[in-house]
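Summary of the model geometry
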Amino acid sequence: MTLEELTAGDQSMGKMDSVGSALEEVLSKAKLQRTITIGVYEAAKLLNVDPDNVVLCLLATDETENQDVALQIHFTLIQAFCCENDINILRVNNMSRLAEILGGADKAGEPADLHCILINNPHASQLKDPAINQVISFCKESRYLDQWVPVINLPER
């Protein structure tokens, strides 16, 4: 491996960490502003009714869930729909960190379905938010590199 390849890899990891931090900020703000939809079925309903109102789709799994065929089918269908409707997509591998950020339980105290999360169309002031712009730019750069569903890790605390 050349020095240039090593340097590029270090820059890429730094960028991934930076995007992970930005994503964490986006999730926290979206939860406070109630511009977030959590759950595979809730996300599918919103995508069916109002896809123009979605700016980001997160698909999340843990390593143990990668073998869940039904979940993978849902992901494939959601990914296809998002690609057709120009919705940015990210894959998140750190479900426990995601649960920390969003709260791991729904209103009934049951574990929340964090497998699919949509960030709904933000308010006009939020469009100027550097965190959402950084995440969306990362998605666009990834598509340019033929990585249609880039994988991101949320930073540990």
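Quantities reported herein were computed from a predicted structural model and do not represent experimental measurements.

1. Examining the side chain of His115
- As for its placement among the helices and strands, His115 is situated in the loop between helix 4 (95-102) and strand 4 (116-120).
- Note on His115: relative accessible area 15%, which makes it buried.
- Among the polar contacts listed, one links the side chain of His115 to the side chain of Asp113, at a separation of 2.8 Å.
- With residues near it in sequence (within four places) discarded, His115 still touches Val40, Leu58, Leu59, Ala60, Glu65, Leu71, Phe75 and Met95.

2. Things to note about the pairing of strand 4
- Among the 5 residues that make up strand 4, 5 are buried, leaving the element largely enclosed by the rest of the structure.
- Neither face of strand 4 is exposed, since Cys116, Leu118 and Asn120 on one face and Ile117 and Ile119 on the opposite face are all buried.
- Here 5 bridges tie strand 2 (residues 54-60) to strand 4, and the two strands are oriented antiparallel to one another. Paired with Leu59 across the strands is Cys116, a residue of strand 4.

3. Details of the nonpolar core
- Counting 28 residues, the largest nonpolar core has Leu23, Leu27, Leu56, Leu90, Leu98, Ile117 and Ile119 as its most contacted members.
- Put simply, the parts of the chain that give this core at least two residues each are helix 1 (3-33), strand 2, strand 3 (88-92), helix 4, strand 4 and helix 5 (130-144).
- Discounting chain neighbours no more than four positions away, the residues touching Leu23 are Leu56, Leu58, Leu90, Val92, Val135, Ile152 and Leu154.
- Counting residues in hydrophobic clusters, the runner-up holds 15 residues, among them Val40, Leu47, Phe75 and Ile78.

4. Remarks on the sheet that holds strand 1 (residues 36-38)
- As summarised here, the arrangement of the 5 strands in space is 1-4-2-3-5, forming an open sheet in which the pairing is mixed. One side of each edge strand has no neighbouring strand; the edge strands of this open sheet are strand 1 and strand 5 (151-152).
- Sheet topology note: the strand 3/strand 5 ladder contains 2 bridges and is parallel. Bridging from a neighbouring strand, Val92 pairs with Ile152 of strand 5.
- Against the sheet, helix 2 (residues 40-49) engages strand 1, strand 2 and strand 4, with an angle of about 40 degrees to strand 4.

5. Brief notes about helix 5
- Spanning 15 residues, helix 5 covers 21 Å between terminal C-alpha atoms, matching the ideal 21 Å at 1.5 Å per step.
- For helix 5, the complete set of buried residues consists of Ala131, Ile132, Val135, Ile136, Phe138, Cys139 and Ser142. Projected down its long axis, helix 5 shows its buried positions confined to an angular sector of 150 degrees, all on one face. Exposed and oriented more than 90 degrees from the buried face of helix 5 are Pro130 and Tyr144.
- Where helix 5 ends, the next residue or the one after it, Asp146, has phi of about 60 degrees, a positive value.

6. Remarks on the pairing of strand 3
- With respect to burial, strand 3 is a largely interior element, 5 of its 5 residues being buried.
- Here strand 3 shows two buried faces, one formed by Asn88, Leu90 and Val92 and the other by Ile89 and Arg91.
- Sheet analysis places strand 2 next to strand 3, joined by 5 bridges and oriented parallel. Bridging from a neighbouring strand, Leu59 pairs with Arg91 of strand 3.

7. Quick notes on the confidence of the model for the protein
- Of all residues in the protein, 80% attain a pLDDT of 70 or more, and the chain-wide mean is 81.
- Confidence drops under a pLDDT of 50 for residues 1-13, and excluding neighbours within four residues, the segment shows 1 contact in the predicted structure.

Procedures and definitions
- Residues numbered from 1 in each chain as written.
- Predicted model: local features only at pLDDT ≥ 70, side-chain atom pairs only at ≥ 80, totals over all residues.
- Heavy atoms only, no water.
- Helix = DSSP H or I, 4+ residues; strand = E, 2+ residues; numbered from the N terminus.
- Buried < 20%, exposed > 50% of the residue type's maximum accessible area, 1.4 Å probe, protein only.
- Polar contact = N/O pair within 3.5 Å; in protein donor to acceptor, adjacent residues only side chain to side chain.
- Contact = heavy atoms within 4.5 Å.
- Pairing = 2+ DSSP bridges.
- Core = buried A, V, L, I, M, F, W, Y, C linked by side-chain atoms within 4.5 Å.
- Axes fitted to C-alpha atoms, helices over the stretch in contact; angles between N-to-C directions.
- Expected span 1.5 Å × (residues − 1).
- Arc of directions from axis to C-beta.
- pLDDT = per-residue confidence, 0-100.

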